[in-house]
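Residues per chain, in single letters:
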Amino acid sequence: MSKTEEFFNYINKGYTTKGEFITLGAGMLGEETVTNALVNIPLKTLNRHGLIAGATGTGKTKTLQVLAENMSEKGIPVLLMDVKGDLSGLAQPSPGHAKIDERHEKIGIPFTATKFPIEILSISEQDGVRLRATVSEFGPVLLSRILDLTETQSGIVAIIFKYCDDHQLPLLDLKDFKKILQYISNEGKEEIQGEYGRISTASTGAILRKIVEIEQQGGDLFFGEKSFDVDDLTRIDENGRGVISVLRLTDIQDRPKLFSTFMLQLLAEVYETFPEQGDSGRPELVIFIDEAHLVFDEASKALLSQIESIVKLIRSKGIGLYFVTQNPKDVPEDVLAQLGMKIQHALRAFTAKDRKAIKLAAENYPDSEYYDTKEVLTQLGIGEALVSVLNEKGIPTPLARTMLRAPMSRMDVLTEKEIKQVLDNSRLIPKYNDTIDRESAYEILNKKIEKINKEEEEVAKREEEEKVIKRTSSTRTSTRMNPVVKVLTSATFIRAAFGILKKVLK
């Protein structure tokens, strides 16, 4: 038996599945693609999370696109973070190319140009279905971790939520939270102190500055109503294909705080909302987080701990998380350890630091008698990757240098006209894009403050009137003539006195 035949059998044995699967491509021996040595991913293990890594320009985004397309075809809804803006092309079929046909002939599977059902979402001012969440939905613990507050400051946030619950003050957007912070520092200081104890104005000031920081990154657009229902991410179209929700993030790369805030809230909401599913035959939803370092770079230790906990627990809800980044070291080790599928595109070794990173990356993969992993990592071409997934028993498959299949949809952005067409056909825009600003803590507290100020003005006015009355009374008392003096100086008394004098003088 030739080495090629041995390799063919090796890959087929490692990647054959009993249940449904997705074909990622074909195994390569050296530089040659071994036709029909298909690298398959079982649908059953797609909720075990994954990593797509590689240097810029090696094909990570196209791999993400291939996975999203094939999941959609299998009826699995997908959420994509489109940071670079080149995933909207999923809505249009690929124009095809001779090189694509050649690639698929080598792999051993046909190529069919296909468009997919997509929904364009937005958390910024870009066009799309508006994603929002209320401050109340975050809760005091999650909000404190996002703001990276101290223990004392977190305690104040907990008091604020309790006070608002006790007094029916809805916390919907950031202006609600800022208003309650101002209230407990000024007009409501005595009330809060009487109910919950003394609150430091220095601490409330520090919390307010953190809120302003989120606000400056666009948080005022994200916090509010109508809250997005995560069940709308799990829709299936009339043809049985999973809807691909494309979240446009091209304008928030310089606002990582907003991105990480959104991601953590979304994951927490999904975890709280979705029922326990255990090990089913397929995931309920798969989320791809492109430029994953944006989530982790700005995260505090408390926030990282929260993310790690969610990653560990969320798979039981039938949710798969896939992190897309340049280097595996961008993802914390505790998260990396939870990832069942790893697709590693080429890494470049320009410096000693790069070589060290390649060595560390190679250690994330199973040993193989067919490859020197460290060497192959620098030799992979565009559209090639080292692949290892979990089989249906949860055991890592053999490491396979893989020639990846091409996307069936367009590998480019939609035109403005095409984006408008997608938005016009959206079923969610009418549901979420009308801004709602119902009466909440901001308005209620403004009325309360106005009432307090009016009462204080009335009290001050009454006190001023009483002072005026006292001053007037005092003036009258001082100017009123003594009764004896009044008699002695009267005209009658004077005339009588003169009459008596006249008689005496006679």
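Up top you'll find the structure we're talking about.
Trainee: Looking at this model, I keep getting lost on the overall build of the chain. Mind explaining?
Mentor: A count of helical and extended segments in the chain gives 19 helices and 12 strands. Taken across its 506 residues, the chain has 51% of its residues classed as buried. Look at the contacts in the chain between residues 6 or more apart in sequence, and 76% of them connect residues 24 or more apart.

Trainee: Would you explain the pattern of salt bridges in this entry?
Mentor: Once their charged atoms are close, side chains differing in charge can pair, the charge on each being opposite to the other. One pass over the structure, following the stated rule, counts 14 salt bridges. We note a salt bridge from K175 to D173, for which the minimum N-O separation is 2.9 Å. Between E418 and R410 there is a salt bridge, with the nearest N and O atoms lying 2.9 Å from each other. The exposure class assigned to E418 is buried, which follows from its relative accessible area of 16%. One network of salt bridges, in which partners are shared, links E31, E384 and R401.

Trainee: Help me out: how do you make sense of the environment of E137 in this one?
Mentor: As for its position among the elements, E137 is in helix 4 (residues 135–147). The class of E137 is partly exposed, set by a relative accessible area of 36%. Put simply, E137 and S227 are 90 residues apart on the chain and 8.9 Å apart in space, counted from C-alpha to C-alpha.

Trainee: For this particular structure, what's the right way to read unusual backbone geometry?
Mentor: Backbone phi values are negative for most residues with the exception of glycine, while trans is the configuration of most peptide bonds. At the junction of E225 and K226, the peptide bond is cis and its omega measures out at 10° in the coordinates. With respect to the helices and strands, K226 occurs in the loop between helix 8 (201–222) and strand 7 (244–248). In the Ramachandran plot, D148 falls in the positive-phi region, its phi being about 55° despite a non-glycine side chain. Residue placement: D148 occurs in the loop between helix 4 and helix 5 (151–166). Phi is positive for E291, close to 50°, though the residue is something other than glycine. Along the chain, the position of E291 falls in the loop between strand 8 (285–290) and helix 10 (293–297). Classification of E291 by relative accessible area gives buried; the value is 16%.

Trainee: Got a minute to help me understand the nonpolar core in this structure?
Mentor: Note that soluble globular proteins tend to have their nonpolar side chains buried in a common cluster. Counting residues in each nonpolar core, the largest one holds 136 residues, and the members touching the most others are M81, F177 and F323. Here this core takes nine residues from helix 9 (residues 256–273), the largest share from any one element. Each residue touching F323, except ones within four places of it in the same chain, is listed here: G50, L51, I52, I289, A292, F296, V311, V331, V335 and L339. By size, the runner-up hydrophobic cluster in this structure holds six residues, among which are M28, I107, I109 and M403.

Trainee: Please clarify how the packing of helix 4 against helix 8 should be interpreted in this entry.
Mentor: When two helices pack together, their arrangement is given by the angle between their axes and by how far apart the axes lie. Between helix 4 and helix 8, the least distance of the axes is 11 Å, while the angle of their chain directions is 115°. Relative to helix 8, the element helix 4 is oriented roughly perpendicular. Across from F138, I146 and L147 in helix 4, the residues of helix 8 making contact are K210, I211, I214 and F222. Considering only residue class, the contact of helix 4 with helix 8 consists of six nonpolar, no polar and one charged.

Trainee: It is not clear to me how the packing of aromatic side chains should be interpreted in this structure. Could you clarify?
Mentor: For any two aromatic rings, the description comes down to two numbers: the centre-to-centre distance and the angle of the planes. Enumeration according to the criterion identifies 13 aromatic pairs in this entry. Arranged with centres 5.2 Å apart and planes meeting at 75°, the rings of F7 and Y370 form a pair that is edge-to-face. Highlighted residues: F7 in helix 1 (residues 3–15) and Y370 in the loop between helix 13 (352–362) and helix 14 (373–377), separated in sequence by 363 residues. Grouping residues by exposure puts F7 and Y370 together as buried. Consider the rings of F138 and F222, whose centres lie 6.2 Å apart with planes at 85°: the pair is edge-to-face.

Trainee: Is there a simple way to think about helix 1 in this case?
Mentor: For the α-helix, the turn length of 3.6 residues means that residues three or four positions removed from each other point alike. The end-to-end C-alpha distance of helix 1, which contains 13 residues, comes to 18 Å, matching closely the 18 Å that a straight helix rising 1.5 Å per residue would cover. Packing partners of the buried residues in helix 1 comprise strand 1 (21–29), strand 2 (32–42), strand 11 (384–388) and strand 12 (400–404).

Trainee: Would you take a moment to explain the side chain of N327 for this structure?
Mentor: Positionally, N327 belongs in the loop between strand 9 (319–325) and helix 12 (333–336). Once you skip the residues sitting within four places of it in the chain, N327 turns out to touch L347 and A357.

Trainee: Help me understand the pairing of strand 5 (residues 118–122), please; the structure alone is not making it clear to me.
Mentor: For a regular strand, the rule is simple: side chains alternate between the two faces of the sheet. Within strand 5, five of the five residues are buried, which leaves the element mostly enclosed by the surrounding structure. The side-chain alternation of strand 5 yields two buried faces, one formed by I118, I120 and S122 and the other by E119 and L121. With two bridges joining them, strand 5 and strand 6 (residues 129–130) adopt parallel strand pairing. Along strand 6, the bridge assignment pairs S122 with R130.

Trainee: Just to check I follow, could you spell out the pairing of strand 7 for this structure?
Mentor: In terms of burial, strand 7 is a largely internal element, five of the five residues being buried. Direction of pairing for strand 4 (residues 78–82) relative to strand 7: parallel, over a ladder of five bridges. Across the sheet, residue M81 finds its bridge partner in strand 7, namely L247. Where strand 5 and strand 7 come together, five bridges link them in parallel fashion. Paired with I118 across the bridge in strand 7 is I244.

Scoring rules and cut-offs
- Chains are numbered independently. Their residues run from 1 in the order of the written sequence.
- Reporting of local features is limited, given that this is a predicted model, to residues whose pLDDT is at least 70; pairs of side-chain atoms are given and counted only at 80 or more, and all residues count toward the totals for whole chains, interfaces and linings.
- For side-chain calculations, the full set of non-hydrogen atoms in the structure is used, while hydrogens and water are omitted.
- Under the DSSP-based scheme used, a helix requires at least four consecutive residues in state H or I and a strand at least two consecutive residues in state E, with every element numbered from the N terminus.
- Classification of residues uses two cut-offs on accessible area relative to the type maximum, computed with a 1.4 Å probe and protein chains only: under 20% is buried, over 50% is exposed, and between them is partly exposed.
- Here, residues are in contact when the closest pair of their heavy atoms is within 4.5 Å.
- For salt bridges, the criterion is a side-chain nitrogen of Lys or Arg within 4 Å of an Asp or Glu carboxyl oxygen.
- Take the buried Ala, Val, Leu, Ile, Met, Phe, Trp, Tyr and Cys residues and link them wherever side-chain atoms come within 4.5 Å; each set so joined is a nonpolar core.
- The axes used here are C-alpha line fits, helices contributing only the stretch in contact, and every angle between their N-to-C directions lies in the interval 0 to 180 degrees.
- Roughly parallel refers to an angle under 35 degrees, roughly antiparallel to one over 145, roughly perpendicular to one between 65 and 115, and oblique to any angle outside these ranges.
- Any residue outside Ala, Val, Leu, Ile, Met, Phe, Trp, Tyr, Cys, Pro, Asp, Glu, Lys and Arg is labelled polar, Gly included; the first ten of those are nonpolar and the last four are charged.
- Aromatic contacts are taken between Phe, Tyr and Trp rings whose centres are within 6.5 Å, Trp giving its six-membered ring; a plane angle under 30 degrees counts as stacked, one over 60 as edge-to-face, and the others as tilted.
- What a helix should span is 1.5 Å times the count of its residues minus one.
- If DSSP finds at least two bridges between two strands, the strands pair.

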